[in-house]
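# Inside the fold
Chain by chain, the residues run as shown.
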Amino acid sequence: GAGVSQTPSNKVTEKGKYVELRCDPISGHTALYWYRQSLGQGPEFLIYFQGTGAADDSGLPNDRFFAVRPEGSVSTLKIQRTERGDSAVYLCASSLTGGANYGYTFGSGTRLTVV
Amino acid sequence: ELKVEQNPLFLSMQEGKNYTIYCNYSTTSDRLYWYRQDPGKSLESLFVLLSNGAVKQEGRLMASLDTKARLSTLHITAAVHDLSATYFCAAFSGGSNYKLTFGKGTLLTVNP
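What comes next concerns the included structure. (Residues numbered from 1 in each chain as written. Chains lettered and ligands numbered in written order. Predicted model: local features only at pLDDT ≥ 70, side-chain atom pairs only at ≥ 80, totals over all residues. Heavy atoms only, no water.)

### A short note on the overall build of chain B
Summing up its helical and strand segments, chain B has zero helices and eleven strands in all. When the elements of chain B are put in sequence order from the N terminus, they spell out β-β-β-β-β-β-β-β-β-β-β. Taking 2.2 N^0.38 as the reference for a compact globule, 112 residues should give roughly 13 Å; the C-alpha atoms of chain B span a radius of gyration of 13 Å, in line with that estimate. The buried share of chain B, taken over its 112 residues, is 46%. (Helix = DSSP H or I, 4+ residues; strand = E, 2+ residues; numbered from the N terminus. Rg over C-alpha atoms; globule rule 2.2 N^0.38 Å. Buried < 20%, exposed > 50% of the residue type's maximum accessible area, 1.4 Å probe, protein only.)

### Topic: a nonpolar patch on the surface
All names here are of chain B. Taken together, the side chains of Leu 9, Phe 10 and Leu 107 present a nonpolar region at the surface, about 300 Å² in accessible area. Looking at the element boundaries, Leu 9 is found in the loop between strand 1 (4-7) and strand 2 (10-14). Leu 9 gets classed as partly exposed once you look at its relative accessible area, which sits at 36%. (Patch = residues over 30% accessible without salt bridge, like charges linked within 9 Å, V, L, I, M, F, W, Y side chains within 5 Å. Areas by Shrake-Rupley, 256 points an atom, 1.4 Å probe, with all protein chains shown as cover. Salt bridge = Lys/Arg side-chain N within 4 Å of Asp/Glu carboxyl O.)

### Examining the nonpolar core
Residues and elements named next belong to chain B. Within the largest apolar cluster, 25 residues are counted, with the highest numbers of intra-cluster contacts made by Leu 32, Trp 34, Leu 74, Ile 76, Tyr 87 and Leu 108. Looking at this core, the elements with two or more residues in it are strand 2, strand 3 (19-25), strand 4 (32-37), strand 5 (43-49), strand 7 (61-66), strand 8 (71-76), strand 9 (85-92) and strand 11 (106-111). The biggest single contributor to this core is strand 9, with four residues. (Core = buried A, V, L, I, M, F, W, Y, C linked by side-chain atoms within 4.5 Å.)

### Some remarks on the sheet that holds strand 3 of chain B
Residue and element names in this part refer to chain B. Across the sheet, which stays open at both edges, the five strands sit in the order 1-3-8-7-6 with antiparallel pairing between neighbours. Only two strands of the sheet have a single partner each, and these edge strands are strand 1 and strand 6 (55-58). Averaged over all adjacent pairs, the angle separating strand axes in this sheet is 15°, with direction ignored. Direction of pairing for strand 1 relative to strand 3: antiparallel, over a ladder of four bridges. Residue Val 4 lies in a different strand from strand 3, and its bridge partner there is Tyr 25. (Pairing = 2+ DSSP bridges. Axes fitted to C-alpha atoms, helices over the stretch in contact; angles between N-to-C directions.)

### Some details on the interface of chain A and chain B
At the junction of the two partners, chain A supplies 23 residues and chain B supplies 19 residues. At the boundary of chain A with chain B, total buried surface from both sides reaches about 1700 Å², with 54% on carbon and sulfur atoms. Along the contact surface separating chain A from chain B lie zero salt bridges. Our enumeration of links across chain A and chain B arrives at four residue pairs in polar contact (both at pLDDT 80 or more). Counting residues per element, the side of chain A that touches chain B draws most heavily on strand 4 (residues 31-37) of chain A, at three residues. Of the residues contributing to the side of chain A that touches chain B, the split by class is ten nonpolar, eleven polar and two charged. (Contact = heavy atoms within 4.5 Å. Buried area = accessible area lost by both parts, 1.4 Å probe. Polar contact = N/O pair within 3.5 Å; in protein donor to acceptor, adjacent residues only side chain to side chain. Nonpolar A, V, L, I, M, F, W, Y, C, P; charged D, E, K, R; others polar.)

### Thoughts on the packing of aromatic side chains
Under the criterion given, the structure shown has eleven aromatic pairs over all chains. Judged by centre distance (5.5 Å) and plane angle (75°), the rings of Tyr104(A) and Tyr33(B) are edge-to-face. Note that Tyr104(A) is positioned in the loop between strand 9 (88-95) and strand 10 (105-106) and Tyr33(B) in strand 4, a pairing that runs across two chains. Overall, Tyr104(A) belongs to the buried group, its relative accessible area being 2%. Taking the centre distance of 5.9 Å and the plane angle of 45° together, the rings of Tyr35(B) and Phe102(B) count as tilted. Within this pair, whereas Tyr35(B) is found in strand 4, its partner Phe102(B) is found in strand 10 (residues 100-102), the two being separated by 67 residues in sequence. Under the relative-accessibility criterion, Tyr35(B) is labelled buried at 0%. A residue is classified by how much of its surface remains accessible, and Phe102(B), at 9% relative accessible area, is buried. Here a set of aromatic residues connected by ring pairs shows up, and it is made of Tyr33(A), Tyr35(A), Phe45(A), Tyr48(A), Tyr104(A), Phe106(A), Tyr33(B), Tyr35(B), Phe88(B) and Phe102(B). (Phe/Tyr/Trp six-rings, centres within 6.5 Å; stacked < 30°, edge-to-face > 60°.)

Below you can see the structure in the form of structure tokens.
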């Protein structure tokens with residue numbers, strides 16, 4: 001596609017529920033990143049995929065969070081037993097391999113609210 | 001661990017004035033990125049600075065990188081209201097993961 005697509009754009013869920021956030025990167029971009037942005041803060045790294053594999057998941061806050069990218073394109077960020085502190089905007093970005101030289105394209109984000 | 005600090009965090013300017021936003025980072029990084037974010041929107045890439053001494057300009061914005069000082073600047077010339085937004089710098093952590101570490105952002109308000 002023309003850009004990075006994230007769905008849903010907004011998600012409200014009850015504490016303790018399970019949620020899935022989807023990211024569809026730019027076609028041909030092998031690198032995919034998830035970031036989390038809390039109000040008034042800069043984005044914080046969660047996980048990086050190169051192809052199908054998670055090359056770096058050091059930013060995932062705990063084992064309630066995990067992400068997959070089974071075919072090397074679309075990725076899903078999954079959050080179990082959601083807590084109010086998980087409320088944030090979850091951003092996805094993609095880049096060409098060696099994306100450090102070309103920059104990263106971000107999606108519009110999913111605003112997650114846990115009530 | 002790479003840390004990125006921006007200042008100021010809040011900047012209120014009058015139209016027509018010049019100002020500079022500063023971005024310091026704590027460990028070696030040879031790539032620096034500037035993004036713009038409008039309220040409720042995602043991040044728009046402004047500049048990718050790839051080497052020491054790099055300078056890039058687009059319209060009223062100019063960014064530079066000094067890797068020895070671990071400093072990048074975003075200079076605004078003759079500000080206009082349309083430049084009102086939050087500006088983030090991000091440094092590349094290096095290695096094979098291409099992770100970006102962001103500053104907290106500078107909220108720029110340009111007043112008529």
